[in-house]
Amino acid sequence: MIKRNVIMALLIAMSFTIAGCGKANEPEKPAGYGRILFCGDSRTVDLFSEPSSEIRNEVHDGIPVYCRDACKFEYMVDAINEYGIDNFDTLLSWMGCNNYGDFSQYGPYYEQLLSQGKKLVLCTVGPTVDEYLDGDFDKEYYTNARQINYNNSLKVWAKDRNVKVIDLYSYLDQALNDQSEITISQADGIHYYPQPNPVLWNYILSNLQ
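First things first, this report covers the structure right here in the doc. As the structure is a prediction and not an experimental result, all values here were calculated from the model.

**What to know about the pattern of salt bridges**
One pass over the structure, following the stated rule, counts four salt bridges. Notably, a salt bridge pairs R35 with D89, separated by 3.0 Å at the nearest N-O pair. Pair noted here: R35 is in the loop between α1 (2-25) and β1 (36-40) and D89 is in the loop between α3 (73-83) and β4 (90-94), with a separation of 54 residues, a long-range link. The class of R35 is partly exposed, set by a relative accessible area of 41%. For D89, a relative accessible area of 28% gives the class partly exposed. R56 is the partner of E54 in a salt bridge, and the nearest nitrogen-oxygen pair spans 2.4 Å. Each of E54, R56 and E82 takes part in one network of salt bridges that share partners.

**Points about the environment of L208**
With respect to the helices and strands, L208 occurs in the segment after α8 (198-206). Separated by 175 residues in the primary sequence, L208 and Y33 place their C-alpha atoms 8.0 Å from one another.

**Digging into the sheet that holds strand β3 (residues 63-68)**
In spatial order, the strands read β2-β3-β1-β4-β5-β6; together these six strands make up an open sheet with mixed pairing. Each end of this open sheet is capped by a strand with a single partner; those strands are β2 (54-60) and β6 (164-166). With direction set aside, neighbouring strand axes in the sheet form an average angle of 20 degrees. Across three bridges, β1 lies against β3 in parallel orientation. Counted as the bridge partner of G40 is C67 from β3. Contacts from α3 reach β1, β2, β3 and β4 within the one sheet, and its direction differs from that of β3 by about 145 degrees.

**Considering the nonpolar core**
Counting 32 residues, the largest nonpolar core has M76, I80, L91 and Y110 as its most contacted members. Among the secondary structure elements, those contributing two or more residues to this core are β1, α3, α4 (106-115), β5 (119-123) and α6 (144-160). Considering every element that reaches this core, the biggest residue donor is α3, with seven residues. Each residue touching M76, except ones within four places of it in the same chain, is listed here: C39, L91, S93, M95, Y106, Y109 and Y110. If you look at the next biggest cluster of nonpolar residues, it comprises 27 residues, including F48, C67, L172 and L176.

**Overview of the layout of surface pockets**
Taken as a whole, the largest pocket holds about 190 Å³ of empty space. As for the largest pocket, its lining consists of 13 residues, of which V129, Y132, L176, N177 and I184 are closest to the centre. Among the secondary structure elements, those contributing two or more residues to the lining of the largest pocket are α7 (168-177) and β7 (183-184). With four residues, α7 is the single largest residue contributor to the lining of the largest pocket. Taken together, the residues that form the lining of the largest pocket break down as six nonpolar, five polar and two charged.

Here is what the cut-offs are and how they apply
- Residues numbered from 1 in each chain as written.
- Predicted model: local features only at pLDDT ≥ 70, side-chain atom pairs only at ≥ 80, totals over all residues.
- Heavy atoms only, no water.
- Salt bridge = Lys/Arg side-chain N within 4 Å of Asp/Glu carboxyl O.
- Helix = DSSP H or I, 4+ residues; strand = E, 2+ residues; numbered from the N terminus.
- Buried < 20%, exposed > 50% of the residue type's maximum accessible area, 1.4 Å probe, protein only.
- Pairing = 2+ DSSP bridges.
- Axes fitted to C-alpha atoms, helices over the stretch in contact; angles between N-to-C directions.
- Contact = heavy atoms within 4.5 Å.
- Core = buried A, V, L, I, M, F, W, Y, C linked by side-chain atoms within 4.5 Å.
- 1 Å grid on protein atoms, 1.4 Å probe; cavity = no way out; pocket = protein on both sides within 12 Å on 5 of 7 lines; lining within 4 Å.
- Points joined across faces, edges and corners; volume = space filled by probe spheres on them.
- Nonpolar A, V, L, I, M, F, W, Y, C, P; charged D, E, K, R; others polar.

Remember, this is a structural readout, not a statement about activity or role.
And the structure:
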């Protein structure tokens, strides 16, 4: 009887040890955000893939991602509608570069999401380098000043509503000035390298912990 009790105790202990090891190997989930949906434009595509022009409902580190080259505000709305408003708790957004410095469409829509009980984590748009911008259109609409203007509006809006902001502009600006492993394309002055960019993605994830 004693031997049987000892064997049972050992088996129970082993089962807890195995279960504990399994949990330790699972990726750490961002704390306090529930189910996260990530929306972005071409710079978000570049985080995960060099050749792709769009990523649609592809899961990275447990986070579904929607992003497309040259997309604007409407793409984000369509992506959220497609994914389903009831299927996420937090919107992680790195949108705005293709809105040419204008945050005005985003504020009311983000307000609507907040009223539905959603959480928001908003990334500031990254810097551009004016001297590398290619073509008249880009030289007018993708200036660094427009990125700063968008970010200023985003930060004021977010501060008034206690919404978390991940300041990717400052992080990338510092990385570019420090000549780190993150660089900007000299062909267009907009997109970052390397592609994919695990360093930048991990920085975003670290700000969700």
